[in-house]
Amino acid sequence: AQPAVSSIEPASGDALGGALVTVRGAGFLALASAFTADATAAADASALVRVAFGAIQTTALFVNDTLLVVVTPWGKGQAAVTVALNAQQLSSPAGLEYEFIGLHSPELLSTSFDPTGTQLILTFDSQPTDHGGMVGVGPCALVLAAAT
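Residues numbered from 1 in each chain as written. Predicted model: local features only at pLDDT ≥ 70, side-chain atom pairs only at ≥ 80, totals over all residues. Heavy atoms only, no water.

## Comments concerning a nonpolar patch on the surface
Together, L108, F113, L120, L122 and F124 make up a nonpolar patch on the protein surface, roughly 460 Å² of accessible area in all. Residue assignment for the nonpolar patch shows that the elements contributing at least two residues are β9 (108-113) and β10 (120-124). Among the elements that line the nonpolar patch, the one with the most residues is β10, at 3 residues. Structurally, the position occupied by F113 is in strand β9. (Patch = residues over 30% accessible without salt bridge, like charges linked within 9 Å, V, L, I, M, F, W, Y side chains within 5 Å. Areas by Shrake-Rupley, 256 points an atom, 1.4 Å probe, with all protein chains shown as cover. Salt bridge = Lys/Arg side-chain N within 4 Å of Asp/Glu carboxyl O. Helix = DSSP H or I, 4+ residues; strand = E, 2+ residues; numbered from the N terminus.)

Spelled out as structure tokens, the structure:
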């Protein structure tokens, strides 16, 4: 059976991630309970529990049948919160979301060369900032800040 997720707390946090989030619901140990005769197998099954914020999965720091505690990954905007007991099949009630607030480190979306093969083109996600140290168009040594 799929886990039932009822709430998350807090429902928002820093876009850089690192916040402790409590996920409440039921059935989080359903897969582990299939291995009640084998404590090691049950512990291994509990280790497969994942929580995803949008497309980014994270492992649970604490798991019991009604509570999960996780550390948020980085993210942007609103992200659906989903739970998987087997690290693959994610489920969530409609509308359960976590809001990432603020700016995040740039996400590299694609790389390519221009038609001449002399310029590397990097495409980052859009956000209204120079958070990645970008200072314009030009050679990488001039465009990217040294920390980048």
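## Notes on the pairing of β9
Where β9 and β10 come together, 5 bridges link them in antiparallel fashion. Counterpart to S112 in the pairing with β10 is I121. Following β9, the chain reverses through 6 residues before pairing antiparallel with β10; G117 in that reversal takes a positive phi of roughly 75°. (Pairing = 2+ DSSP bridges.)

## Notes on the pairing of strand β8 (residues 97-101)
Every second residue of β8 is oriented toward a common face, the buried set being Y98 and F100 and the non-buried set E97, E99 and I101. As paired elements, strand β7 (residues 77-84) and β8 share 4 bridges and run antiparallel to each other. When the bridges of β8 are listed, G77 appears paired with F100. (Buried < 20%, exposed > 50% of the residue type's maximum accessible area, 1.4 Å probe, protein only.)

## So, the confidence of the model for the protein
Across the protein, the average pLDDT comes to 77, with 66% of residues at 70 or higher. Here helix α3 (residues 140-143) is the element of the protein with the lowest mean pLDDT, 52, and strand β2 (residues 12-14) is the one with the highest, 94. (pLDDT = per-residue confidence, 0-100.)

## So, the environment of S7
Along the chain, S7 falls in strand β1 (residues 4-9). Residues S7 and T22, 15 residues apart in the sequence, show an inter-C-alpha distance of 8.2 Å. Not counting the four nearest positions on each side in its chain, S7 is found in contact with T22, V23, R24 and L96. (Contact = heavy atoms within 4.5 Å.)

## Thoughts on unusual backbone geometry
Cis rather than trans, the peptide bond between E9 and P10 has omega equal to -5°. You can see P10 is positioned in the loop between β1 and β2.

## Remarks on the packing of aromatic side chains
By convention here, two paired aromatic rings are described through the distance between centres and the angle between planes. Taken as a whole and assessed by the stated rule, the structure comprises 3 aromatic pairs. Between the aromatic rings of F53 and Y98, the centroid separation amounts to 5.3 Å while the plane-to-plane angle is 80°, which identifies the pairing as edge-to-face. Pair noted here: F53 is in strand β4 (residues 50-53) and Y98 is in strand β8, with a separation of 45 residues, a long-range link. Accessibility classification places F53 together with Y98 in one group, the buried group. Through a chain of ring-to-ring contacts, three or more aromatic side chains come together here, namely F53, Y98 and F100. (Phe/Tyr/Trp six-rings, centres within 6.5 Å; stacked < 30°, edge-to-face > 60°.)

## Brief notes about the sheet that holds strand β5 (residues 56-63)
Strand order in this open sheet of 8 strands is β1-β3-β6-β5-β4-β7-β8-β2, and the pairing throughout is mixed. Strand pairing shows two members of the sheet lacking a second neighbour, β1 and β2, which therefore form its edges. Within this sheet the neighbouring strands show an average axis-to-axis angle of 35°, counted without direction. Sheet topology places β2 next to β8; 3 bridges connect them, and they run parallel. Pairing of D14 across the sheet is with I101, part of β8. (Axes fitted to C-alpha atoms, helices over the stretch in contact; angles between N-to-C directions.)

## Focus: the nonpolar core
Among the nonpolar cores identified, the biggest contains 19 residues, and V23, V51, F53 and L68 are the most heavily contacted of them. Going through the elements one at a time, β1, β3 (20-26), β4, β6 (67-71), β7 and β8 are the ones with two or more residues in this core. It is β7 that contributes the most residues to this core, 3 residues altogether. With sequence-adjacent residues up to four places away left out, V51 is seen in contact with V23, I56, Q57, T58, L68, V70, V81, T82 and V83. (Core = buried A, V, L, I, M, F, W, Y, C linked by side-chain atoms within 4.5 Å.)

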